[in-house]
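Geometric and topological summary
One-letter residues, chain by chain:
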Amino acid sequence: SWGADLSFREIVSMYEDGDLLKPELQRKYVWSKLEASRFIDSILLGLPVPSVFFAKEKNETKLIVDGYQRIMTVHDYIKGIFSQDNKVFKLSNTDAINSRWRGKSFGELTVEEQRRIKTTTIHAIIFEQKKPENDTGMYQIF
């Protein structure tokens, strides 16, 4: 295993290019709009983001073992559509979100705020199981 610090720009690009995949063991996207909004709010505030775990496959793709909700939240927000309802992703308009960003979509943020989200780094722990040649290690970590 090894560590890598990746920006959300890199992670979203990897996901869209098919280089980063959701394995079957990973549940579907389940965060509510408020949970997702609070995560984006924490990124904009510059708070630390917990590490993600990826399993490297022989074909050089990586499977998301832990961190799918966080990754998809940022992906959806940057792309503008919330996965849960396929509607425009605007941050919740509640006191739980900083007043500067309440009710705003990614496109409504300043260029600096958009850049902050895209350039925020997250530590990825990447592991590769060489023997036995199966996915038992991924299930043990998950």
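Remember, it's a predicted structure, so these values are computed and weren't measured experimentally.

**With respect to the sheet that holds strand β3 (residues 52–56)**
The strand order across the open sheet formed by five strands is β1-β7-β3-β4-β2, and the pairing between neighbours is mixed. In this open sheet, the two strands that pair with only one neighbour each are β1 (2–7) and β2 (20–21). Across four bridges, β3 lies against strand β4 (residues 62–66) in antiparallel orientation. Opposite A55, over in β4, you have L63 as the bridge partner.

**Here we look at the pattern of salt bridges**
Counted under the stated rule, the structure contains six salt bridges. Across the pair E60 and K56 runs a salt bridge whose closest N-O atoms are separated by 3.1 Å. Classification of K56 by relative accessible area gives buried; the value is 15%. Residues D66 and R70 are paired through a salt bridge, measuring 3.4 Å at the closest nitrogen-oxygen approach. Judged by relative accessible area, D66 falls into the partly exposed class, the value being 34%. Each of K56, E60 and E128 takes part in a single network of salt bridges with overlapping partners.

**Re the pairing of strand β7 (residues 121–127)**
Looking along a regular strand, one sees side chains alternate from face to face of the sheet. Sheet topology note: the β1/β7 ladder contains six bridges and is antiparallel. Note that in β7 the partner of W2 across the bridge is I126. Note that β3 and β7 share four bridges and pair parallel. Counterpart to V52 in the pairing with β7 is A124.

**Observations concerning helix α4 (residues 111–119)**
Residues E113, Q114 and I117 constitute the buried set of α4. Projected down its long axis, α4 carries its buried residues within an arc of 100°, all on one side. Facing away from the buried side of α4 by over 90 degrees, the exposed positions are V111 and E112. In this fold, the buried residues of α4 make contact with α1 (8–16), α2 (33–44) and α3 (68–79).

**Comments concerning the nonpolar core**
A general trend in soluble globular proteins is that nonpolar side chains are found buried together. Ranked by size, the top nonpolar core spans 34 residues in total, and within it F54, V74, Y77, L91 and I117 carry the most contacts. At the level of secondary structure, the elements contributing two or more residues to this core comprise α1, α2, β3, α3 and β7. If you tally residues by element for this core, the top one is α3, at six residues. Not counting residues within four places of it along the chain, the set of residues in contact with L91 comprises S37, I40, L44, Y77, I97, W101, R102, G103 and K104.

Cut-off values and rules
Residues numbered from 1 in each chain as written. Predicted model: local features only at pLDDT ≥ 70, side-chain atom pairs only at ≥ 80, totals over all residues. Heavy atoms only, no water. Pairing = 2+ DSSP bridges. Helix = DSSP H or I, 4+ residues; strand = E, 2+ residues; numbered from the N terminus. Salt bridge = Lys/Arg side-chain N within 4 Å of Asp/Glu carboxyl O. Buried < 20%, exposed > 50% of the residue type's maximum accessible area, 1.4 Å probe, protein only. Arc of directions from axis to C-beta. Contact = heavy atoms within 4.5 Å. Core = buried A, V, L, I, M, F, W, Y, C linked by side-chain atoms within 4.5 Å.

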